[in-house]
Each structure stands twice: as structure tokens, then as C-alpha cells.
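# Summary of the model geometry
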Protein chains: 2
Amino acid sequence: MAHKIGRQTIVIDSPVSVSGSAAVGGKKEGEGPIGADFDFINEDSRFGEKTWEKAESKMQELASAAAVKKSGITMPEVDFIFAGDLLNQCIASAFSARKTKVPYIGLYGACSTFAEAVGLAAVFADGTAKHCIACASSHFCSAERQYRFPLEYGGQRPPSAQWTATAAGAAVISAKEKPPYVKAVCFGTVEDLGINDQNNMGAAMAPAAASTLSQFFRDTYTDPTDYDLILTGDLGAVGAELLQKLMEKEGFPLGKNYDDCGLMLFDREKQQVESGASGCGCSAAVISGHILPKLRCGELKKVLAVSTGALMSPTSVQQGETIPGVAHLVCFSSEKGGIF
Amino acid sequence: MAHKIGRQTIVIDSPVSVSGSAAVGGKKEGEGPIGADFDFINEDSRFGEKTWEKAESKMQELASAAAVKKSGITMPEVDFIFAGDLLNQCIASAFSARKTKVPYIGLYGACSTFAEAVGLAAVFADGTAKHCIACASSHFCSAERQYRFPLEYGGQRPPSAQWTATAAGAAVISAKEKPPYVKAVCFGTVEDLGINDQNNMGAAMAPAAASTLSQFFRDTYTDPTDYDLILTGDLGAVGAELLQKLMEKEGFPLGKNYDDCGLMLFDREKQQVESGASGCGCSAAVISGHILPKLRCGELKKVLAVSTGALMSPTSVQQGETIPGVAHLVCFSSEKGGIF
């Protein structure tokens, strides 16, 4: 049974595995450095749908269905779906879940949603459920017109801005002995150092990532050298640099095993994405399509995945609010044995 | 440890109690039939804030703080906050959680959020956590301008429309032996019978309530006569009538122990709310302020609370989508002993 250690960390006790995972992306994502790791790339980012919002929902459907297939089960065997997205009222997730007839637990954690979903699914799979889907998505076009400007406007982007990934990732979390395993999760607190520039989400999210990571290290008596890879969600170049400075101050320098999904999805030089990728779909797709397969085959052994979310809306920004962040952590391992 | 029975129901095994709960409301809610049950009523619905969105966040703060105080603990003793609201990107919940420094798990279940939060909190309190906050809110003014028209417009409302409650409810769910207890939870599937009238949310949500309730009865081998009260979230007059018809068809007629939070919060005759109340805050406040105290003192013994949500956004409606619903159920008992 999952039990809490320290202040925030939950250790998963029985074997809980990622029995299948899949990633879906748009054309630009397919052309990026990890393009070959996507299960499905759609050339026009519409996925056969009439609107971008419906396309985003379709991405979740495709990712979930592929993850379920890879896990060797069928949709009716899934106990619960934990899913979320960036759209107002999380319609991408809700409409995707409609077709499954599986109990649906809707989440909103901004770009931290994937780790939030995997974390909850792992707690449930540790005694309460057999199979849970964790899924998250984002779509450049639906996000751009909802958060910023109509797409046709083509506004100029500052160097700190990030490019919302058109991507979805899904993982089936199962009570099963099959690598990779979910060993622990750490749900984060809402952190706010007063950033109010909505074109600098990396800076807004970095303090939350630092808070969750350092609390996890304190709770588990481990440090960054105990892991092959420490991966944040979508801090981008600006946020990733800030996080490394914050972690040095916290006494946990991240070292060369640190990377950020927002820096892995696109080629920043060639693909004009400024500070990097962002969006719920960024960490969902990079973890599901690129990282979990490496854990499955043992190429990676111990990974901390920390999805990071900026908790804001156009309304909150217009009302002069700062942008707090939240970061949720999942500790994956290629081996069943304990880490802590 | 929480375990699943039947297709969807989770039975809470160790004693998990609602150690404290509180409700906060606006002026209109204070003038309604259960106005005296609110812990805090604000006369101008602004709660000392400059905007309605910030007021909604303040309501969550007030409700959570009061529930924590009643449970005899302090905020730093809370392990996790499960919260959500109707605002785009759930800013009411996120900004409220910012001040607590408690790990925050953001939810979006539309008006089903309160039962979703209590359900997750109960699963966590059954072995993984000691104290969790479950909280949800809505605000008439923030919802009206986000979903419908600017408030100043004063558009006419059809008889099937519902009035979004300006209210928040919070409950502290604890691993503790103290009535009332959470005995079981049932997370619902997304149901869609093709309703596309956004002024008739009751009809959109009734099929989801019927699905969750009848599945719960089948999973637990109980029927409506086993409970003192079966309470839906905010179906209003139109939805409540539809639900009763659907439940008859399912073979589980609800009988006279059935009621709806949307019909309890306001006096429909005097307060001009058409079909009744709605909003995440409706079931959150009615359950937290009115129902849980009756369970605490034994006036009610076995209650099924089913919060119901309509999964739509202005964008999904404009794009011609129908309005699916989801309903999550919590089974409360005044006694520690088993029900099933």
C-alpha cells in the first residue's frame, strides 16, 4: 500500500508498473530530435477533425488506445482514467474519455498534469485498481488562440517564450511485475516568486520544480547522483538554467544528468521555438514516447520525471496576478528492487 | 486499504472520517432555506476582493481554513489538498492553495468536483495520508461572465436554466475514528445522451447521475431503500425529474428519500432561480454545511451524495458538440460499521 514518507513523498509499495505507453504528435514534433519515438504523427495537426480542439481530443484518444494496446489489455479492463489538458474546462480530456466508458477522474495541473495523473494512477494501482490510464495533451493552435492571440495574427515572440507542443502522451499504470516501475511520487506545493510575465513561463515554474525536487531528496535521503536522469517537464532554456541555480542553493546541484523535456522535443536552432517546448503534451509525450521505453529496456535505470505547471489564466494575468507554479514528481525505475 | 468491488465502486476499509467541514456563501445563498448552515456569508459577494475571480479564491481559503479549524488540526498538518472550480484553468483553487504550502492536486470535474475531491481524499486517507482537504467553489458573477454574458447585459433566462451558486465547501477527510465516515466512493463514466442546450444542464447531467447511482447499487448489492438520503449535486427541477424517470427504468426507483442540492440551496419561488442552483459550490456547500453536520449528530445515518458535472465549454458548444455529463458518488455513514 502506498505510504507517505517525510513531508510530501509517497512510496509505492507493491509492484506498480507502466505496462504500456504511447505518444502522439503533430508535424513539427515529428520533425524534432525525438520524432522517431512518436507512435503516431499527423501531418496537418488536425487529426481528421474540423477544429483544433477536437483534434486535441483525438490525440488523447489515439495515445490512450495505443498505450492500452501495448499493455496487452483492452479498454474495458481499465479501471480509471486520470487525464487533463490546458483547454478551458479541460474539454480535450472529457470528450476523449466519453468514448471509453471507463470511470473518468478529470485533472487540472496545467503542464504538470502528466506527472499528476501518473502519480494518482500509481497510488490507485498500489492496491485499489489493476489498470489506470494517465493521459495529458496540448495543441499549439488551440492553446495559442485561447491564451494569446488568434493564430492568424502571427504576433512576435520574445526569446523567453515557449512553443506549446502539439502532442499527447498516455501511460497505462498497472498492478503488475513488469519494468519500468513507479517507485514513488511527490505531489508539489504551489510556489510563487512573483513572476508576472506570461512570456516567461519557465521562470514562473522553476521555483516549483526546485521545491518539489529538493523536498523529494530530503524525504528520501537521496540526492541527484542517485539517478541516471532528472527530467523536468517544460522549463525551457530560461527555466532550466534558473532551476539549476536554485538547486545549487538548495544544496542539491543537478549535474550533467539533468535535462528538460522542453529542450528535447524540438531543435531550438532549426525549429524556431525560442526557449523550448511547453504544454501538458510536452512532458506527456517525451516521457511516454522517449523515456519510458528506455527504462523498459534498461538503458535508463532510475529516473525522476518532474512535470511543471504554470497556474494562470488570461483572466488572472489581466487582473494583475503573479504566476504561481506547481510541480509533481514521479520516480521511475527499471528494476523492482527498492531505491530508498 | 481501499479496494474495488464490482465495476466501479471503491470500498474504504479503514475508518476514514470527515473530521471537519465548512461552507461559505454569498448574500443570496444566505437568504435561502439553508442560509443558517453557512459558516460565513458575505453581503456583497466580493469577500473584500477587487474582482469576482479573486473573491472565489477567497471563498475557498475561508472554507478550507474553517474546515481545518473544526477538525482540530492546523494547515501544516494537512497532507494534500484536492480542489477544483469552474474558472478557466481553475485559478480559484490554485490561488487559494498557494497560501497553504500544502501539496496541491488540482481537479476539474465541472460541478462534480466536490465528490471527486472527497472520493480521492478518502482513497488517500485509507492508508496513505492522515488528513486531506477536499474543496470546490463557484461564483455566480465569475461563472456568468465566463460562460454566458457580461453581468451587466441582464439576459433573459429560460425556465430550465440554473443559477450558479456563489459558494464554497470544504471538508477535511482524515484517517480517524469519528463520525461521519466515508464508506465508499464511485467515480463515474462520461455519459452523453445528446443534449446540446446549455440552458438545460440538468438534462445533460441526469444520465450521468443515473449511470453512477445504478452502477453503485449493482456493485454493492444495495438499493435506494438502504439509504436515508440520496442526494444529487445540482440537477435542478428539470434534471431531478429526469433522473427519477431514468432510475425507475434502471430498476432502482429513488422514492421519497431523494433530493437535489440544486433544489435545497434557494427558494425557487421567492429567489427567481428558475430550475434551481448549480455550480461546483452548490453541492460542496450543501454537503459541507447542511448534510455532514446531520450525519455527525446521527440525524442522518446513510447518505449517498452524487455531485454531477456538465463537461462543456463555450468553445465546445460553439463547435456544435453535445454536452456530456459525469457524476461521482460518495457514500457517507454516521456509523463505523459496514453497510455492504
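Provided above is the structure to which this section pertains.
This section reports on the structure supplied with the text. (Residues numbered from 1 in each chain as written. Chains lettered and ligands numbered in written order. Predicted model: local features only at pLDDT ≥ 70, side-chain atom pairs only at ≥ 80, totals over all residues. Heavy atoms only, no water.)

### A short note on the overall build of chain A
The helix and strand inventory of chain A stands at 11 helices and 15 strands. The globule rule puts the C-alpha radius of gyration for 340 residues at 20 Å, and the 18 Å found for chain A is close to it. With respect to the principal axes defined by its C-alpha atoms, chain A has extents near 55 × 45 × 35 Å. Expressed as a percentage of the 340 residues in chain A, the buried residues total 67%. Contacts spanning at least 24 positions in sequence make up 77% of the contacts within chain A whose residues lie at least 6 apart. Here chain A displays about 11,000 Å² of accessible surface, and carbon together with sulfur accounts for 50% of that area. Counting 31 positive and 38 negative side-chain charges, chain A places the averaged centre of each group 5 Å from the other. (Helix = DSSP H or I, 4+ residues; strand = E, 2+ residues; numbered from the N terminus. Rg over C-alpha atoms; globule rule 2.2 N^0.38 Å. Buried < 20%, exposed > 50% of the residue type's maximum accessible area, 1.4 Å probe, protein only. Contact = heavy atoms within 4.5 Å. Areas by Shrake-Rupley, 256 points an atom, 1.4 Å probe, with all protein chains shown as cover. Lys, Arg positive; Asp, Glu negative; His and termini not counted. Charge placed at Lys NZ, Arg CZ, Asp CG, Glu CD.)

### What to know about helix α6 (residues 201-220) of chain B
Residue and element names in this part refer to chain B. Helix length check: α6 (20 residues) gives 29 Å between terminal C-alpha atoms against 28 Å at 1.5 Å per residue, within 8%. Counting buried positions over the 20 residues of α6 gives 19, a clear majority of the element. In the segment just after α6, Tyr221 is the residue with positive phi, at about 55°. (Expected span 1.5 Å × (residues − 1).)

### With respect to the packing of aromatic side chains
Geometrically, a pair of aromatic rings is defined through the distance of the ring centres and the angle of the planes. Within the structure shown, the criterion is met by 22 aromatic pairs over all chains. Ring plane angle 55° and centroid distance 6.2 Å describe the contact between Phe187 of chain A and Phe124 of chain B, whose orientation is recorded as tilted. With Phe187 of chain A in the loop between β10 (181-186) and α6 (201-220) and Phe124 of chain B in helix α4 (residues 113-125), the pair connects residues from two separate chains. Judged by its relative accessible area of 0%, Phe124 of chain B is buried. When the ring of Phe217 of chain A is compared with that of Phe252 of chain A, the centres are 5.1 Å apart and the planes differ by 40°; the resulting orientation is tilted. Of the two residues, Phe217 of chain A sits in helix α6 while Phe252 of chain A sits in the loop between α7 (236-250) and β12 (258-260), which places them 35 residues apart along the sequence. For Phe217 of chain A, a relative accessible area of 1% corresponds to the buried category. The class of Phe252 of chain A is buried, set by a relative accessible area of 13%. Members of the aromatic cluster, each reached through a chain of ring pairs, are Phe80, Phe82 and Phe124 of chain A together with Phe187 of chain B. The ring centre of Phe266 of chain A lies 5.8 Å from the NZ or CZ of Lys28 of chain A, which sits over that ring. (Phe/Tyr/Trp six-rings, centres within 6.5 Å; stacked < 30°, edge-to-face > 60°. Lys NZ or Arg CZ within 6 Å of the ring centre and 35° of its normal.)

### So, the relation of the copies chain A and chain B
Relating one copy of the chain to the other requires a rotation about an axis plus a shift along that axis. For the pair chain A and chain B, the best superposition has an RMSD of 0.0 Å and corresponds to a rotation of 180° with a translation of 0.0 Å parallel to the axis. Both copies are brought into coincidence by an operation consistent with a two-fold rotation axis. Of every C-alpha in chain A, the one belonging to Leu107 of chain A sits nearest the axis of rotation, 2.0 Å from it. Comparing interface residues between copies, 100% of those in chain A also lie at the interface in chain B; the contact surface is shared. (Least-squares fit on C-alpha atoms with pLDDT ≥ 70 in both.)

### Some thoughts on the interface of chain A and chain B
Contacts between the two partners involve 59 residues from chain A and, on the opposite side, 59 residues from chain B. With both sides pooled, the region where chain A packs onto chain B buries about 4,800 Å², and carbon together with sulfur makes up 61% of that total. When residues of chain A are sorted by the area they lose upon contact with chain B, Gln89, Arg98 and Gln319 of chain A head the list and together hold 15% of the total. On inspection of chain A and its partner chain B, the count reaches 8 salt bridges. The partner of Asp192 of chain A in a salt bridge is Arg98 of chain B, and the shortest N-O contact between them spans 2.6 Å. The interface formed by chain A and chain B contains 32 residue pairs in polar contact (both at pLDDT 80 or more). Ranked by residue count, the leading element in the side of chain A that touches chain B is helix α3 (residues 91-98) of chain A, at 5 residues. (Buried area = accessible area lost by both parts, 1.4 Å probe. Salt bridge = Lys/Arg side-chain N within 4 Å of Asp/Glu carboxyl O. Polar contact = N/O pair within 3.5 Å; in protein donor to acceptor, adjacent residues only side chain to side chain.)

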